[in-house]
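Spelled out, the chains give:
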Amino acid sequence: MIEGELFGYMKGAFTGATNDFRGMIAEADGSTLFLDEISEMPADLQTRFLRVLQEREFRPLGSAKTLKANFRVVAATNRPVQQALAENRLRSDLYYRLNTFQIELPPLRERREDIPPLVSFFAKSFAEQLGKTEPTIEPEAFQKLLEYGWPGNVRELQNAMEYAVVLARQGQVTVKELPAEVRLPVHQPHGMPVLACGVEPR
C-alpha cells in the first residue's frame, strides 16, 4: 500500500487496483513532496526512493513505462536521527542524500510560550465544532496546562483541549475538566524532537 501510494499503480496491478493511480511522486512533480516519519518507511522502499532521488525517474506498480519527476523533498521523523541510523530504521545513504538542510523542532515543553495561543485556538475551534460558546480557562486550570510536560507535544495538547471543551460547563474549563494526566502529572517521558530535511530539485 505504501509503495502504491508513493509510486502510483496501474489498473490490475494488484487486487483492489480498479483504476490507475498517479501516486504522490507524480503529483509532486515540479513542487514539494512531504514525507512524514521517514524512518518508518520499509528498508526496501527506502532503497527504491533513494534511486528516485538520484535518477529523478520512477516506475508505477504494474507499469513497464519509466516516468520522470523533478521535485523537492521535505522529510520528517520523530525519532532521534542517530538512533534511527544505529537501529537500521533509516538507511544512511538515504539520510545523507536528504540531509541538505535540517530544522530541529523543540518539544512543546521547551517552548511554553506557544501554549497560550494554542490553548486559545483549540478551545475556539472545538467549541465551534460542538456548537458551544468558546469557554474561558480558569486560572488554576491554565496553570496546569502551562506546567504539564506534554510528552505528546501539540497533538496531546489538542486532544486535552477537545476533552476539556466537551466537558466544560457554564462556559468555563476548570481543573476538573482537564484529563487526569494533566491534573495529576506523574513522571513524564521526554517528547521526541522532529528532524525536517530537504532536497532541492535539480
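Here goes a summary of the coordinates provided. (Residues numbered from 1 in each chain as written. Predicted model: local features only at pLDDT ≥ 70, side-chain atom pairs only at ≥ 80, totals over all residues. Heavy atoms only, no water.)

### What to know about helix α3 (residues 43–55)
The end-to-end C-alpha distance of α3 is 19 Å, a good match for the 18 Å that 13 residues give at a rise of 1.5 Å each. All of the buried residues along α3 are L45, Q46, F49, L50, V52 and L53. The buried residues of α3 occupy an angular sector of 155° when the element is viewed end-on, so they sit on one face. If you follow the buried residues of α3, they end up packed against α1 (2–7), α2 (23–27), β1 (32–35), β2 (57–58), β4 (72–77) and α5 (92–98). (Helix = DSSP H or I, 4+ residues; strand = E, 2+ residues; numbered from the N terminus. Expected span 1.5 Å × (residues − 1). Buried < 20%, exposed > 50% of the residue type's maximum accessible area, 1.4 Å probe, protein only. Arc of directions from axis to C-beta. Contact = heavy atoms within 4.5 Å.)

### Focus on the environment of D114
Among the structural elements, D114 can be located in the loop between β5 (102–105) and α6 (115–130). For D114, a relative accessible area of 27% translates into the label partly exposed. In the structure, D114 is positioned 82 residues away from T32 in sequence and 27 Å away in space, judged by C-alpha atoms.

### Quick notes on the packing of α6 against helix α8 (residues 153–167)
Here α6 crosses α8 at 45°, and the two axes come no closer than 9 Å. The angle between α6 and α8 places the two elements in the oblique class. In the packing of α6 onto α8, the handedness of the crossing is right-handed. Here I115, L118, V119, F122, A123, F126, A127 and L130 of α6 lie close against α8, whose contacting residues are V154, L157, Q158, M161, E162, V165 and V166. Its residues assigned to classes, the contact of α6 with α8 shows 13 nonpolar, 1 polar and 1 charged. (Axes fitted to C-alpha atoms, helices over the stretch in contact; angles between N-to-C directions. Parallel < 35°, antiparallel > 145°, perpendicular 65-115°, else oblique. Left-handed = near helix turned anticlockwise from the far one by under 90°. Nonpolar A, V, L, I, M, F, W, Y, C, P; charged D, E, K, R; others polar.)

### Regarding α8
Taking 1.5 Å of rise per residue, the 15 residues of α8 would be expected to cover 21 Å, and the 22 Å separating its terminal C-alpha atoms lies within 8% of that figure. Every buried residue of α8 is accounted for by N153, E156, L157, A160, M161, A164 and V165. Angular distribution of buried residues about the axis of α8 spans 165°; they occupy a single face of the element. Elements in contact with the buried residues of α8: α6, β6 (136–137), α7 (139–147), β7 (172–173) and α9 (180–183).

### Section: the layout of surface pockets
Size it by volume and the second largest pocket reaches roughly 150 Å³. If you go around the second largest pocket, the residues you meet are F7, R48, R51, V52, E55, E57, F58, R59 and T66. Secondary-structure elements contributing two or more residues to the lining of the second largest pocket are α3 and β2. A total of 4 residues in the lining of the second largest pocket trace back to one element, the largest contributor, which is α3. (1 Å grid on protein atoms, 1.4 Å probe; cavity = no way out; pocket = protein on both sides within 12 Å on 5 of 7 lines; lining within 4 Å. Points joined across faces, edges and corners; volume = space filled by probe spheres on them.)

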